[in-house]
2 protein chains.
Amino acid sequence: MQQPRRNTWQREAVRAALVQTPGFVSAQQLHQVLRDAGTTIGLATVYRALAGLSETEEVDSLQSPDGENLFRFCAMPGHHHHLICRACGDTRELSATVVEEWTRRVGAEHGFSDIEHVVDLFGICERCRATA
Amino acid sequence: MQQPRRNTWQREAVRAALVQTPGFVSAQQLHQVLRDAGTTIGLATVYRALAGLSETEEVDSLQSPDGENLFRFCAMPGHHHHLICRACGDTRELSATVVEEWTRRVGAEHGFSDIEHVVDLFGICERCRATA
DNA sequence: CGCTAGAGTGAGAGTCATTCTCATTTAGAA
DNA sequence: TTCTAAATGAGAATGACTCTCACTCTAGCG
């Protein structure tokens, strides 16, 4: 999907809802939040908006272990990774030079090109550990 | 799913088909292969078998970018990562001390515990690059 | 400002991987 | 061999996501 040519309140609403949300959310959750807020936004539109934002790298997306796509407003520009609390969804953005280098090296060793990597860490944050 | 209490030819057929397959395959593909081979195995059974094998770590599983679960017979015991060819699915198993250390360090820095990590590399292997 | 083209929307149908249900089959102990 | 519950499998159910298409509303133009 390329840049939208028109601005709509729906797109803005999705962006706004995303900014207010601390951790990763699914499109479905976001849709529910927006409906609960009294809007009449459609699920398809939420998906379209998220796909657009994801493409312009305004949001990060990742797949949850159960196959759902999760989204999060992206503070750090450019390539980076995440450390996500399994319990509360709180997320830290990480830049990882070590990993990037390792990726390049391993790729070269095996004669692979166009290497992309999926690197995400899941754990339990301090606060949730205390609560448990 | 805990260890099965009975051995069935179906379970064995799934394992066998998996061993013969070089790269990652989806449950659906595996089911198709088994049906094509003349068996009457059910899709649900393939899923059950894969879940079981995955739990005993006899197979590795990962999520493809489009949300499908893929499986592969696991040669390297214990924790490891993968370098997968996007074109032909050929897979190299990697042990990555660097990454494990980085994971531990980052987790500690942020006060996270029980860190798990998803680290997979996708690229184009030498052979496929030549073919293209 | 009003008009218009067509981008954007939304309700609901469609798709597709995976899981569930439950009647039937069958492994494995006695 | 007989018996019983584990395992299977066909098809229905689920759930995330995408597609369709008639309708709406943005934004450029006069």
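The residue numbers shown here count from 1 along each chain, following its written sequence. Labels are handed out in written order, letters beginning with A for the chains and numbers beginning with 1 for the ligands. Residues qualify for local features only when their pLDDT is at least 70, as the model is predicted, and side-chain atom pairs are given and counted only at 80 or more; totals for whole chains, interfaces and linings, by contrast, use all residues. Heavy atoms throughout the structure, all of them, feed into the side-chain values; hydrogens and water do not.

A. Expanded view of the layout of surface pockets. All names here are of chain B. Cavity and pocket criteria rest on a 1 Å grid covering protein atoms alone: a 1.4 Å probe that fits but cannot get out defines a cavity, protein on both sides within 12 Å along at least 5 of 7 lines defines an open pocket, and an atom within 4 Å of a point defines a lining residue. Grid points are joined across faces, edges and corners, and a volume is the space filled by probe spheres set on the points. In this model, the second largest pocket occupies a volume close to 210 Å³. Lining of the second largest pocket is provided by 13 residues; of these, Leu70, Ile84, Cys85, Arg86 and Phe122 occupy positions nearest its centre. Per the annotation, domain bounds derive from an automatic or database assignment of domains. Domain assignment of the residues forming the lining of the second largest pocket places at least three in each of domain 1 (1-74) and domain 2 (76-132).

B. Molecular detail of the sheet that holds strand β5 (residues 91-94) of chain B. If you trace the six strands from one edge of the open sheet to the other, you get β5(A)-β4(A)-β6(A)-β6(B)-β4(B)-β5(B), paired in mixed fashion. The sheet is open, and its two borders are formed by β5 (91-94) of chain A together with β5 of chain B, each paired with just one other strand. Sheet twist, expressed as the mean angle between neighbouring strand axes with direction ignored, is 20°. The rule for pairing is simple: two strands pair if DSSP sees at least two bridges between them. Counting from the N terminus, the helices are DSSP H or I runs at least four residues long and the strands are E runs at least two residues long. Where strand β4 (residues 81-85) of chain A lies against strand β6 (residues 113-124) of chain A, four bridges are found, and the strand directions are parallel. Following the sheet pairing, Leu83(A) is matched in β6(A) by Leu121(A). Here, residues are in contact when the closest pair of their heavy atoms is within 4.5 Å. Only the stretch in contact is used when fitting a helix axis, every axis being a line fitted to C-alpha atoms; angles between N-to-C directions are given from 0 to 180 degrees. Across the face of the sheet, helix α4 (residues 97-109) of chain A comes into contact with β4 and β6 of chain A together with β4 (81-85), β5 and β6 (113-124) of chain B while running at roughly 140° to β6(A). Of the strands in this sheet, β4, β5 and β6 of chain A together with β4 and β6 of chain B touch helix α4 (residues 97-109) of chain B, which is tilted by about 140° from β6(B).

C. Focus on unusual backbone geometry. One non-glycine residue, Asp114(A), lies in positive phi territory at about 55°. If you trace the backbone, Asp114(A) turns up in strand β6. A relative accessible area of 53% means that Asp114(A) is categorised as exposed. In this structure, Glu57(B) takes a positive phi of about 60° despite not being glycine. Along the chain, the position of Glu57(B) falls in the loop between α3 (43-55) and β2 (59-63). Exposure classes here rest on a 1.4 Å probe applied to the protein chains alone. A residue is buried below 20% of its type maximum, exposed above 50%, and partly exposed in between. You can call Glu57(B) exposed: its relative accessible area is 59%.

D. The arrangement of the relation of the copies chain B and chain A in detail. Here the copies are superposed with least squares, the fitted atoms being C-alpha atoms of residues at a pLDDT of at least 70 in both. Each copy of the sequence occupies a distinct position, and chain B is placed on chain A by a rotation of 179° and an axial shift of 0.0 Å, giving an RMSD of 0.2 Å. Here the two chains are linked by the operation of a two-fold rotation axis. When C-alpha positions in chain B are compared against the rotation axis, the closest is assigned to Val119(B), at 2.3 Å. The share of interface residues of chain B whose copies in chain A are also at the interface is 100%, consistent with both copies meeting through the same surface.

E. Region of the structure containing the protein's contact with DNA strand D. Lining the immediate surroundings of DNA strand D are 20 residues, of which Tyr47(A), Asn69(A), Thr8(B), Thr45(B) and Arg48(B) lie closest. The sugar-phosphate share of atoms of DNA strand D within 4 Å of the protein amounts to 68%. For the purposes of these results, a polar contact is taken to be a pair of N or O atoms within 3.5 Å, where, inside protein, one atom must be able to donate a hydrogen and its partner to accept one; residues adjacent in sequence count only when each atom of the pair is a side-chain atom. Measuring from a phosphate oxygen of DNA strand D, one finds a backbone N or O atom of Asn7(A) at 2.9 Å. Residue Asn69(A) places a main-chain N or O atom 2.7 Å away from a phosphate oxygen belonging to DNA strand D. At the level of elements, α3 (43-55) of chain A together with α1 (9-20) and α3 of chain B are the ones that each hand at least two residues to the surface near DNA strand D. Each residue gets one of three labels, nonpolar for Ala, Val, Leu, Ile, Met, Phe, Trp, Tyr, Cys and Pro, charged for Asp, Glu, Lys and Arg, and polar for the others, Gly among them. Residues that form the surface near DNA strand D fall into these classes: five nonpolar, eight polar and seven charged. We define proximity as follows: a residue is near a molecule or strand when any one of its heavy atoms falls within 4 Å of that partner.

F. Up close: the protein's contact with DNA strand C. In the neighbourhood of DNA strand C, 21 residues make up the surrounding shell, with Arg6(A), Thr8(A), Thr45(A), Arg48(A) and Tyr47(B) lying closest. The sugar-phosphate share of atoms of DNA strand C within 4 Å of the protein amounts to 68%. One nitrogen or oxygen atom from the main chain of Asn7(B) is found 2.9 Å from a phosphate oxygen belonging to DNA strand C. Between DNA strand C and Tyr47(B), the relevant distance is 2.5 Å, taken from a phosphate oxygen to a side-chain nitrogen or oxygen of the residue. Tallied by class, residues from the surface near DNA strand C come to six nonpolar, eight polar and seven charged.

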